[in-house]
Number of protein chains: 2
Amino acid sequence: MRIKTYFPIFDWGRRYNRQTFTSDLIAAVIVTIMLIPQSLAYALLAGLPPEVGLYASVLPLIAYAVFGTSTALAVGPVAVVSLMTAATVGRIAAEGTADYSSAAILLAMLSGLILAIMGLFRLGFIANFLSHPVISGFITASGIIIATSQLGGLLGIPTNGHAMPELVMSTFEHLGQINFDTVAVGAVALALLLWIRLDLKNWLKRFGLPKGVANIIVRAGPVFVVFLTIAWSDLFDLGAKGVALVGQVPQGLPMLSLPSFSLDTIQALALPALIISIVGFVESISVAQTLAAKRRERIDPNQELIGLGASNIAAAIGGGYPVTGGFARSVVNFDAGAATPAAGAFTAIGIAAATLLLTPFLAILPKATLAATIVVAVLTLVDFGILKRAWTYSRTDFAAVATTLVGTLLLGVEVGISLGVGASILVFLYRSSQPHAAIVGRVPGTEHYRNVKRHKVDTLPDALSIRVDESLYFANARFLEDLIYELVAANPAVKSVVLLCSAVNAIDMSALESLEAINARLKDLGVRLHLSEVKGPVMDKLEGTDFLAHLTGQVFLSHHAAMLFLAKVGNEPRDDENRSSDATDLPVAAILNGKS
Amino acid sequence: MRIKTYFPIFDWGRRYNRQTFTSDLIAAVIVTIMLIPQSLAYALLAGLPPEVGLYASVLPLIAYAVFGTSTALAVGPVAVVSLMTAATVGRIAAEGTADYSSAAILLAMLSGLILAIMGLFRLGFIANFLSHPVISGFITASGIIIATSQLGGLLGIPTNGHAMPELVMSTFEHLGQINFDTVAVGAVALALLLWIRLDLKNWLKRFGLPKGVANIIVRAGPVFVVFLTIAWSDLFDLGAKGVALVGQVPQGLPMLSLPSFSLDTIQALALPALIISIVGFVESISVAQTLAAKRRERIDPNQELIGLGASNIAAAIGGGYPVTGGFARSVVNFDAGAATPAAGAFTAIGIAAATLLLTPFLAILPKATLAATIVVAVLTLVDFGILKRAWTYSRTDFAAVATTLVGTLLLGVEVGISLGVGASILVFLYRSSQPHAAIVGRVPGTEHYRNVKRHKVDTLPDALSIRVDESLYFANARFLEDLIYELVAANPAVKSVVLLCSAVNAIDMSALESLEAINARLKDLGVRLHLSEVKGPVMDKLEGTDFLAHLTGQVFLSHHAAMLFLAKVGNEPRDDENRSSDATDLPVAAILNGKS
């Protein structure tokens, strides 16, 4: 049982047959073709040699096939994580140096260890603190930064920076150095890729091609663009004309190795590795769960952490850089019919073969082709609609989106997402520290009590029913005190205050002290404090304290019971024997003495 | 009106008369006598020359008299803030240098500005995030650190550090250098001060002295100890025997001046100034509110911020260091009958006069006397009982106390209190991300619904009533999805799920997306999703979205209405006309179509 939990491969592996094999193989071919140009391009985005993207698309896929729970997820280098890698590693080493590559490998190793540990300790819930608005704002901002960062590649000028101000500045600075051969290659690649994405499928359908074949041709389109521009580069000797080419790359696959490291580097990379891990995990689990829901399958988030952790450790051992489950490729994998994680393993074999075959040709591939590939891929990330949707729904959600979006654009990915998470937590804390409260009355003909301002309800003249819409804890304990003192001061006829606790999910020690203070203060004013509808877990806590002994009033199971009691018995002195005999003829007598 | 809000002096000033004047004057005399040795000692604790403590007890009291709202609060140097000042300033300058003094002055100025700005922008609620457990743990740890730090002064050996490890180590290191004359002075001062505090009053009463006179003698006790040890020092020439003396201090009062500063220093002091401000404010407001409650007065927290801000700015201008309202002196002020903030102004005049008279004698005062004063003063701060009380009440509150206590002892005041606040917020977030939920049923004979596990209740066979005890937001949105899928999978007979939302105080955008997903998933399973008892503010939000249009079920005003409807109509297709005609004969028909 435990083995099946930690190694899902033993679960689906036993049910593996010829049919699933065929499905997986077809999906693997399509995904392999799609992944080749993307892997090269994303490595470039991460500031690494393009072949590293291929390396990162081999072992991680096999590791995920062993440990992952999603049947459709395709892991590998993705745009946002590549940008984050560049921003992190660029801080501690110069692009193109051996230190840079080994830092990227170490980052993958750290990220893998963090993910695996989070999975083993079942800490997947941490990812919940990245809210949808924050993620949306972050992805949109990342898309804009990535597209802007590729302008240099398309124009043949050097640019740098991982946030908008520096990127835009450095692009403007070098505008005079535009290389028009590069612009030509970039423009053609961009136009072709856009056409392939937007229109090729319909065009092929008009020619009467079967849907399956058309699909494969569309997926192979970007590879065709790569070969086209390699041929162009060869024929017109673009390298001599100043067009940036990929350059000589090592033949074959890298040796497996453990990353070298120093404590200083680990210290510098630890926090970014954590952020990259969580962002990657959230991106991956969202895709996995969306696709799993379509097939009525279940994803185990904690096992997914272990799967992604293993993938990243594998990426480090195989000379790659941080990877995660990608949205576009997983959807393609799913649509192509991938039936088990084995499809990923077959894709890995495909990429490994492609790496061996392709590397001789890569030297003369113009970098502009890869820049165009990236721009087309990230256009789908940009979604300004989230700003409008968030604004319409609530100002606080809008604040979280806007903070993340603007923070990421101006200050970079790590600061941006941290600001977003911080803002959404602060907003939540602020709201819960200033809770909504309502005076409630009885909805006529029912035992239901609602806000006097919103509903036509009945109230008792000398009893004040207050519903506080929040758990009582340190941040709002003082608020509660002020609220009750104010309400009691404003209603001098009041002899009883009943706190309707249906929305109070917890009472911490600070709030308990405030309740004691309120009880004492009201006692001095001759006003009794009652509680109603206190939940089980909260009541358990209160019963361990002196508060109930000091309480001038009672705890009622339902607010209606409290109101019936107050209407009949009124503000009589508390007297337990008297109370129960008085209460027996009430319809709710049975519950008055029950555990509330 | 505005002027009275910002300058409470115009409010109480108009009602000032001979009677309040007499009360204030008597209180001022007693507080002055009490403050003299404490001010000297706390300045020493802050690493400053003792006379700075006197300077910090003049202008701030006058500023508070103008801006403060508490009739009894006595501001000035206090133990915890002095320790925090030493810890902060000690990091950027060496004790005894001019840089050290000017940094302390700058710290007071920054702290004053922060407090005043918080007051003007009504940000007093920020202080609520320092929970009672955190404050208690912090004050106890500070008391221990302060008492330990004075061991050196009592033994005549040099010690350093503002956290336990360094303090204990440095005390042990120098144990060989104990000066026995210092030990003698320290032991006598300590014994006398303890006797004065614990027993002198009873002793005087036995001699038949009136209570008022006895009180004044007790308060004057520490001043007597100061003069006694000055005499001892003079007679036996303690300075020549290696006893540390206060040494020559400037005569008279300092010139008023604005602190000099550099941007670097401001940057280094800004965050500590914020922490000191909040700790000082929380200490002060707690005292002020406790005393105000006894007299049925009201404290305006935001105006208190302005009052304390003005006091600290005044402290900076008068050459002092950060001040706040002290517990012991305020209680003394209150007991002595202070009727208005003018008592503070009179105290200031008293201290100014004492400064002029005392400074000639201070040179030969043994520092051990001041160390003994501090030890006796801080003993009341130490309260280990909080650990036990927190443990009994809840493990999470205990975690907050223990984190703060241990963190402060081991890592110092700033780190300790930050850890404590962080821990209490994390605990709150964690709890709200894993909310309590219950399946509920009807308490027989009522319209009240409670947890099936805790109460004997009735349920419908094909309807699942789930009460989630938490607002729905990003951190628990996924939890809710998992919960409902699990419960529905475990109850295959279920045709309707009713979410009882009485404890849902907010639904943010992430949670709304989860609700949409739950609704869609349940629809696929042929299960309807209903909501009941959705609160007004939450319903307002939902009405601005498509969610209600997509919802397969309905929104009911009360859970009982939902149950009656389901019991009668069952899982019929949603049809608004059909629904209302079917529902009219139900007793709750009127509310079924109402705004819920």
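Higher on the page you've got the structure.
The rules we used
- Residues numbered from 1 in each chain as written.
- Chains lettered and ligands numbered in written order.
- Predicted model: local features only at pLDDT ≥ 70, side-chain atom pairs only at ≥ 80, totals over all residues.
- Heavy atoms only, no water.
- Core = buried A, V, L, I, M, F, W, Y, C linked by side-chain atoms within 4.5 Å.
- Buried < 20%, exposed > 50% of the residue type's maximum accessible area, 1.4 Å probe, protein only.
- Helix = DSSP H or I, 4+ residues; strand = E, 2+ residues; numbered from the N terminus.
- Contact = heavy atoms within 4.5 Å.
- 1 Å grid on protein atoms, 1.4 Å probe; cavity = no way out; pocket = protein on both sides within 12 Å on 5 of 7 lines; lining within 4 Å.
- Points joined across faces, edges and corners; volume = space filled by probe spheres on them.
- Nonpolar A, V, L, I, M, F, W, Y, C, P; charged D, E, K, R; others polar.
- Axes fitted to C-alpha atoms, helices over the stretch in contact; angles between N-to-C directions.
- Parallel < 35°, antiparallel > 145°, perpendicular 65-115°, else oblique.
- Least-squares fit on C-alpha atoms with pLDDT ≥ 70 in both.
- Buried area = accessible area lost by both parts, 1.4 Å probe.
- Salt bridge = Lys/Arg side-chain N within 4 Å of Asp/Glu carboxyl O.
- Polar contact = N/O pair within 3.5 Å; in protein donor to acceptor, adjacent residues only side chain to side chain.
- Phe/Tyr/Trp six-rings, centres within 6.5 Å; stacked < 30°, edge-to-face > 60°.
- Lys NZ or Arg CZ within 6 Å of the ring centre and 35° of its normal.

Once that is clear, we can look at the nonpolar core. Within the largest apolar cluster, 156 residues are counted, with the highest numbers of intra-cluster contacts made by B:Ile507 and B:Leu542. For this core, the element with the most residues is helix α14 (residues 263–294) of chain A, which contributes 13 residues. Look past the residues within four positions of B:Leu542 in its chain and what remains in contact with it is A:Tyr393, B:Ile507, B:Leu512, B:Leu531, B:Val534, B:Phe547 and B:Leu548. Within the second largest apolar cluster, 101 residues are counted, among which are B:Val52, B:Val89, B:Ile278 and B:Val282.

This paragraph deals with empty space enclosed by the protein. Inspection of the entire model under this criterion finds 9 cavities of 30 Å³ or more. When its volume is computed, the largest cavity comes out at roughly 340 Å³. Contributions of two or more residues to the lining of the largest cavity are made by β4 (449–451) and α26 (559–569) of chain A together with β4 (449–451) of chain B. Counted by class, the lining of the largest cavity contains 4 nonpolar, 8 polar and 10 charged residues.

Attention now moves to the side chain of B:Ser424. Mapped onto the fold, B:Ser424 is located in helix α21 (residues 413–433). Apart from residues lying up to four places away in sequence, B:Ser424 is in contact with A:Phe474, B:Ser131, B:Val134 and B:Ala400.

Attention shifts here to unusual backbone geometry. Residue and element names in this part refer to chain A. Residues other than glycine seldom take positive phi values, yet Arg-122 does so here, at roughly 55°. By the secondary structure assignment, Arg-122 is in the loop between α7 (98–120) and α8 (132–149). Judged by its relative accessible area of 47%, Arg-122 is partly exposed. Notably, Asp-237 is not glycine yet its phi reads approximately 45°, a positive angle. Within the fold, Asp-237 resides in the loop between α13 (211–235) and α14.

Residue and element names in this part refer to chain B. It is the contact of helix α3 (residues 18–45) with helix α18 (residues 367–379), at a shortest axis distance of 9 Å, that shows an interaxial angle of 95°. With respect to α18, the axis of α3 lies roughly perpendicular. Touching Pro-37, Gln-38, Leu-40, Ala-41, Tyr-42, Leu-44 and Leu-45 of α3 are Lys-367, Leu-370, Thr-373, Ile-374 and Ala-377, all from α18. Taken together, the residues of the contact of α3 with α18 break down into 9 nonpolar, 2 polar and 1 charged.

The next subject is the relation of the copies chain A and chain B. Between chain A and chain B, the superposition needs a rotation of 180° and an axial shift of 0.0 Å, giving an RMSD of 0.1 Å. Taken together, these values place the two copies in the relation of a two-fold axis. Across chain A, the smallest distance between a C-alpha and the rotation axis is recorded for A:Ala503, namely 1.9 Å.

What follows covers the interface of chain A and chain B. Of the residues lining the interface, 71 residues belong to chain A; the matching set on chain B comes to 71 residues. Here chain A and chain B share an interface that buries about 6400 Å² over both sides, 59% of which is from carbon and sulfur atoms. For the chain A face of the interface with chain B, the top three residues by lost area are A:Tyr393, A:Phe474 and A:Met509, together amounting to 13%. Here chain A is connected to chain B by 4 salt bridges. Notably, a salt bridge pairs A:Asp469 with B:Lys535, separated by 2.6 Å at the nearest N-O pair. Across the chain A-chain B interface, the total number found is 28 residue pairs in polar contact (both at pLDDT 80 or more).

One pass over the structure, following the stated rule, counts 25 aromatic pairs over all chains. For the ring pair A:Phe556 and A:Phe565, a centre distance of 5.3 Å and an interplane angle of 45° mean the geometry is tilted. In this pair, the class of A:Phe556 matches that of A:Phe565, namely buried. Members of the aromatic cluster, connected to one another through ring pairs, are A:Phe129, A:Phe428, A:Tyr473, A:Phe474, B:Phe129, B:Phe428, B:Tyr473 and B:Phe474. Positioned above the aromatic ring of A:Trp391 is the side chain of A:Arg395, whose terminal nitrogen or guanidinium carbon lies 4.0 Å from the ring centre. The ring centre of B:Tyr485 lies 3.8 Å from the NZ or CZ of B:Arg521, which sits over that ring.

This part covers the environment of B:Ile126. All names here are of chain B. For Ile-126, the location among the structural elements is in the loop between α7 (98–120) and α8 (132–149). Of the residues examined, Ile-126 reaches a relative accessible area of 32% and is grouped as partly exposed. Taking the C-alpha atoms as reference points, Ile-126 and Ala-292, separated by 166 residues in sequence, lie 21 Å from one another. Once residues lying within four places of it in the same chain are set aside, the contact partners of Ile-126 are Met-118 and Ile-278.

Remember, this is a structural readout, not a statement about activity or role.
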